[in-house]
Amino acid sequence: QVQLVESGGELVAAGGSLRLSCAASGLTLSRSHMAWFGQASGKEREFVASISWSQGITYSADSVKGRFTITRDNAKNTVYLQMNSLKPEDTAVYYCAATYSYTSYVRGNYEYWGQGTQVTVSS
């Protein structure tokens, strides 16, 4: 059974930094495409960043370019989201997601999801 467990979400002041972690089990991380999504209160879940298993190619949403960085550590079976220069509009529940499918990856569809971790950025 695949399990993704996010951690690291906190209340932080604007301009601060956080690092979110996603610990994966029941999943071969080295063969998985991984992503982070954010869902603000009352809004739809939105793509934040992704990292492919092949060569670790990364993509980021325009709203977080230059501020957020996704990385992976296959040995630890963990994916990270380094969040810098946080803004109040970054406030959201952040979800880790995974797929083995290249088609799902390029379409932004992911089969496996964590339960999320809350990030709150004060103004």
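Note that the structure is a prediction, hence the values are computed from the model and not measured. (Residues numbered from 1 in each chain as written. Predicted model: local features only at pLDDT ≥ 70, side-chain atom pairs only at ≥ 80, totals over all residues. Heavy atoms only, no water.)

Time to look at the overall build of the protein chain. Across its full length, the protein chain carries one helix and 11 strands. Walking the protein chain from its N terminus toward its C terminus, one meets helices and strands in the order β-β-β-β-β-β-β-β-β-α-β-β. Against the compact-globule benchmark of 14 Å for 123 residues, the protein chain has a radius of gyration of 13 Å, which places it among compact chains. Classification of the 123 residues of the protein chain by burial places 43% in the buried group. Contacts spanning at least 24 positions in sequence make up 58% of the contacts within the protein chain whose residues lie at least 6 apart. Carbon and sulfur atoms provide 45% of the accessible area of the protein chain, an area that totals close to 6600 Å². Computed over 10 positive and 9 negative side-chain charges, the inter-centroid distance for the protein chain is 6 Å. (Helix = DSSP H or I, 4+ residues; strand = E, 2+ residues; numbered from the N terminus. Rg over C-alpha atoms; globule rule 2.2 N^0.38 Å. Buried < 20%, exposed > 50% of the residue type's maximum accessible area, 1.4 Å probe, protein only. Contact = heavy atoms within 4.5 Å. Areas by Shrake-Rupley, 256 points an atom, 1.4 Å probe, with all protein chains shown as cover. Lys, Arg positive; Asp, Glu negative; His and termini not counted. Charge placed at Lys NZ, Arg CZ, Asp CG, Glu CD.)

This paragraph deals with the nonpolar core. A general trend in soluble globular proteins is that nonpolar side chains are found buried together. Judged by nonpolar contacts, the single largest core of 27 residues is most densely connected at Met 34, Trp 36, Leu 81, Met 83 and Tyr 94. Of all elements in the fold, only β3 (18-25), β4 (33-39), β5 (46-51), β7 (68-73), β8 (78-83), β9 (92-99) and β11 (117-122) reach the threshold of two or more residues within this core. One finds Ala 35, Ala 97, Tyr 105 and Tyr 110 within the second-largest nonpolar core, a separate group that totals five residues. (Core = buried A, V, L, I, M, F, W, Y, C linked by side-chain atoms within 4.5 Å.)

You will see that Asn 77, though not glycine, has its phi angle at about 55°, which is positive. Examined against the element boundaries, Asn 77 turns out to sit in the loop between β7 and β8. With a phi close to 50°, Ser 85 is a non-glycine residue in the positive phi region. Take Ser 85: it is sitting in the loop between β8 and β9. For Ser 85, a relative accessible area of 41% puts it in the partly exposed group.

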